[in-house]
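Structural characterization, general
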Amino acid sequence: MKSLSLIAATAVIGLTLSFGSPEVSASKQIVHDAEYYILSAQHGDRWAAEDGELDKKLAELRARHGRPPNIIHVMWDDTAFGDVGIPAIQKVRGLETPNLNRMAEEGMLFTRMYTEVGCTPSRAASATGRLAIRSGMYNIGMLLESHGMRGEEVTIAEVLSKAGYATAFHGKWHLGDIEESYPHKQGFDEAFFTGYNQILSLNTKMAEGANASMGLHESMLPSDPYKLDNTFITRDWVQVAEGTKGGETRQWGDNSHENYMKIDPEAQRRTLEFIERNAKAGKPFYVANWPMLNSFLPSPQKCSIGRSLLQEGLQCNIDPFIGKLMARLEELGIAENTLVIAMADNGPMAHNPPPGLGMAETIFRGGKGDFLEGGVRVPAQAWWPGTIEPGQLAGDIIHETDLFTTFARIAGATQHIPTDRVIDGVDQTALLLNGDTHSRRDHVFIYAGPQLGAIVKGNYKRHFISPDPVGEASGIPAAFYFLPADPREKTPMLANLIHLKRPFNRMKLRHDLWKKKYPDAQEKHGIPWTGIANASEELKAHAEPKKNLSELPFDPLEYIEHLDQLPFDPNMDPGLSN
């Protein structure tokens with residue numbers, strides 16, 4: 001049986017690998033993706049020495065404050081790099097976020113925070129520390145998707161709960177509408193959440209009246225004399241739900257636009273109340289507040305020069321909340337024992353946006369759904385007064401999955417991370433506490449749906465999906481990029497970078513071979529919105545079709561078992577020619 005150290009050493013010199021059973025599983029250590037061991041084989045001794053010093057720092061912090069650090073994760077939608085934290089870009093884009101910018105100035109601004117390409121996969125990756133492909137959560141969930149994160153996944157809330165943390169989720173969950181996917185079924189002590197995204201603001205009668213939604217609310221429309229199927233249009237759903245661990249789940253409010261506009265204020269109120277309650281009780285806490293940001297129906301009242309939905313949401317919703325959050329932590333005297341991460345979940349919705357959205361590419365090309373830098377390289381910052389040195393600008397690569405492992409490390413909960421699956425997140429405590437150049441990651445695997453779209457390694461990037469008919473098909477790939485000189489990925493190089501063909505091939509091979517040992521999970525489907533204590537009759541009907549349908553020669557709900565068979569186009573063009 002080959003040890004991982006031997007595998008890593010062999011891989012360094014570029015030999016073809018055949019992975020044996022990993023020793024890390026036998027010794028109950030975290031199982032990382034293969035590439036981590038390549039780096040560990042080269043830097044493990046230095047990292048071990050560094051970890052000893054980090055342990056001392058964390059122990060001193062715990063002794064000083066009497067408990068482990070609190071952790072707050074704020075993550076909003078679809079924002080291009082530079083729209084937050086870089087005033088010069090904000091001036092061009094017509095918005096101001098003084099509180100978020102203060103947070104960056106007093107902490108660490110990341111220049112290479114990578115995410116997944118869309119909302120659902122990004123949130124799954126953050127919650128589990130695993131690429132979404134591994135949990136089967138690469139589909140973006142829409143109304144009555146009958147889909148969600150499986151109960152077998154282990155979230156950061158479950159890990160931290162075992163270490164004595166109080167945990168809460170408030171805002172846009174977007175990880176499914178099946179019961180096992182609800183956040184309070186996934187380890188959170190309390191949850192106030194949406195199963196879907198901002199299109200909920202268009203699933204309303206107000207939007208139907210404005211033609212922003214077409215045909216969802218049939219009661220508002222003239223009767224169609226040619227209509228035959230009365231089961232085709234969705235009848236009911238849950239806009240917002242709330243629940244507690246081990247308790248019941250209830251719909252909160254109704255499905256109106258007025259109710260939608262109450263989501264973020266209520267989520268913010270609950271987050272601040274949760275923080276104050278646990279601070280006074282002397283209990284360490286983890287809270288994720290993932291805002292809805294804004295409605296897709298523009299408000300007549302404008303507050304930003306940019307006047308669009310993104311700018312309005314950042315300047316008039318999220319930034320004031322960040323200001324209240326920082327002030328409350330300081331008032332409670334716990335700011336120096338609290339790590340706050342604020343970031344976007346992916347790049348801007350540059351393709352097919354609703355009118356007036358205001359999302360646009362900045363430095364990088366591409367947006368939501370793209371494996372281009374513009375789709376996955378986002379604004380992000382960390383604030384931890386007294387621990388993170390102020391005014392830091394980190395050029396290191398960090399991935400949102402790293403937050404899972406890092407949060408566990410600083411909470412003293414690493415032993416609760418599961419060891420029967422690949423954890424893509426690496427511990428970035430050294431980056432936070434020691435600063436720039438201390439990342440333990442130099443690579444990112446970027447998936448577009450279930451397909452590997454690209455790999456980043458340092459300053460180099462290779463596209464594995466390309467519309468170039470002469471490229472991959474001929475065995476002479478042209479899709480290599482040097483990112484510092486070509487941040488918009490417009491000029492692929494062949495002769496200059498062809499020496500990278502085999503190194504990138506080795507990375508992909510190791511990644512794929514490791515998947516044979518730890519296969520990706522399939523998507524999980526089921527009846528949507530079960531277990532709602534105050535469910536309407538129409539909501540219950542999703543699980544109980546009308547009796548006259550029982551005469552059909554098939555089970556009308558059988559399709560749910562086959563939803564994962566709906567294919568992605570393996571030859572999809574991700575907009576590289578735009």
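Scroll up to find the structure this text is about.
My aim in this report is to walk through the structure given alongside it, one point at a time. Quantities reported herein were computed from a predicted structural model and do not represent experimental measurements.

Now for the overall build of the protein. The helix and strand inventory of the protein stands at 17 helices and 17 strands. Split into buried and exposed, the 578 residues of the protein put 57% on the buried side. Here the analysis covers contacts within the protein between residues at least 6 apart in sequence; of these, 71% occur between residues at least 24 apart. Looking at the protein as shown, the accessible area adds up to about 23300 Å², and 54% of this sits on carbon and sulfur atoms.

Let's shift gears to the packing of aromatic side chains. Throughout the structure, instances matching the rule amount to 20 aromatic pairs. Both rings, one in Phe192 and one in Trp252, keep their centres 4.9 Å apart while their planes meet at 85°; by these two values the pair is edge-to-face. Of this pair, Phe192 sits in strand E5 (residues 190-194) while Trp252 sits in the loop between strand E7 (249-251) and helix H10 (257-260), placing them 60 residues apart in sequence. Trp252 sits in the buried class, given a relative accessible area of 17%. Every member of this aromatic cluster is reached through a ring pair, and the members are Phe169, Trp173, Phe188, Tyr286, Trp290 and Phe407.

Here strand E14 (residues 451-457) runs beside strand E15 (residues 460-463); their pairing, made up of 4 bridges, is antiparallel. Across the sheet, residue Val456 finds its bridge partner in E15, namely Lys461. What sits between the antiparallel neighbours E14 and E15 is a turn of 2 residues, in which Gly458 has the positive phi angle 60°.

The next subject is the environment of Ile527. Its place among the elements puts Ile527 in the loop between strand E17 (524-525) and helix H17 (537-540). A relative accessible area of 21% places Ile527 in the partly exposed class. Here the alpha-carbon distance between Ile527 and Lys540, two residues 13 residues apart in the chain, equals 9.7 Å.

With 109 residues, the main nonpolar core has Phe110 and Trp529 as its most contacted residues. Counting residues per element, this core draws most heavily on helix H12 (residues 309-331), which supplies 9 residues. Contact partners of Trp529, with chain neighbours within four places excluded, come to Leu144, Asp177, Tyr182, Phe193, Gly195, Tyr196, Trp237, Val238, Ala241 and Leu539. Membership of the second largest hydrophobic core comes to 13 residues, among which are Leu131, Phe464, Leu497 and Phe504.

Time to look at the sheet that holds E14. The 4 strands are arranged E13-E14-E15-E16 in an open sheet whose pairing can be described as antiparallel. The sheet terminates laterally at strand E13 (443-448) and strand E16 (480-482), the two strands that pair on one side only. Pairwise comparison of adjacent strand axes, ignoring direction, gives a mean angle of 20° for this sheet. Inspection of the sheet shows E15 paired to E16 by 3 bridges, in the antiparallel sense. Within E16, the residue paired with Lys461 across the bridge is Tyr481. In this fold helix H16 (residues 501-517) packs onto E13, E14, E15 and E16, with an angle of close to 125° to the strand it touches most, E14.

This next bit is on the state of the cysteines. Scanning the model with the defined rule gives 1 disulfide in all. Note that Cys303 is cross-linked by a disulfide to Cys316, the S-S spacing being 1.4 Å. Linking Cys303 and Cys316, the disulfide has an S-S dihedral of approximately 95° and is accordingly described as right-handed. Of this pair, Cys303 sits in the loop between strand E8 (285-290) and H12 while Cys316 sits in helix H12, placing them 13 residues apart in sequence. A residue is classified by how much of its surface remains accessible, and Cys303, at 39% relative accessible area, is partly exposed. Residue classification places Cys316 among the partly exposed positions, given a relative accessible area of 34%.

Now for helix H5 (residues 98-105). For H5, the complete set of buried residues consists of Leu100, Asn101, Met103 and Ala104. Buried residues along H5 cover an arc of 155° about the axis, so they all sit on one side. Facing away from the buried surface of H5 by more than 90 degrees, the exposed residues are Pro98 and Glu105. Buried residues belonging to H5 abut strand E1 (70-76), helix H4 (87-93), strand E2 (108-114), H12, strand E9 (338-344) and strand E10 (377-383).

This part takes up the pairing of E13. Of all 6 residues that make up E13, 6 are buried, and the element is covered over most of its length. Residues of E13 alternate between two faces, with His443, Phe445 and Tyr447 on one and Val444, Ile446 and Ala448 on the opposite face, all of them buried. Here E13 pairs with E14 via 6 bridges, running antiparallel. Looking at E14, one finds that Ala448 is bridged to Gln451. The turn linking E13 back onto E14 is made up of 2 residues, and Gly449 within it adopts a positive phi angle of 65°.

Reading the values: the criteria
- Residues numbered from 1 in each chain as written.
- Predicted model: local features only at pLDDT ≥ 70, side-chain atom pairs only at ≥ 80, totals over all residues.
- Heavy atoms only, no water.
- Helix = DSSP H or I, 4+ residues; strand = E, 2+ residues; numbered from the N terminus.
- Buried < 20%, exposed > 50% of the residue type's maximum accessible area, 1.4 Å probe, protein only.
- Contact = heavy atoms within 4.5 Å.
- Areas by Shrake-Rupley, 256 points an atom, 1.4 Å probe, with all protein chains shown as cover.
- Phe/Tyr/Trp six-rings, centres within 6.5 Å; stacked < 30°, edge-to-face > 60°.
- Pairing = 2+ DSSP bridges.
- Core = buried A, V, L, I, M, F, W, Y, C linked by side-chain atoms within 4.5 Å.
- Axes fitted to C-alpha atoms, helices over the stretch in contact; angles between N-to-C directions.
- Disulfide = S-S within 2.5 Å.
- Arc of directions from axis to C-beta.

In short, the description is geometric, and any link to function would need to be established separately.
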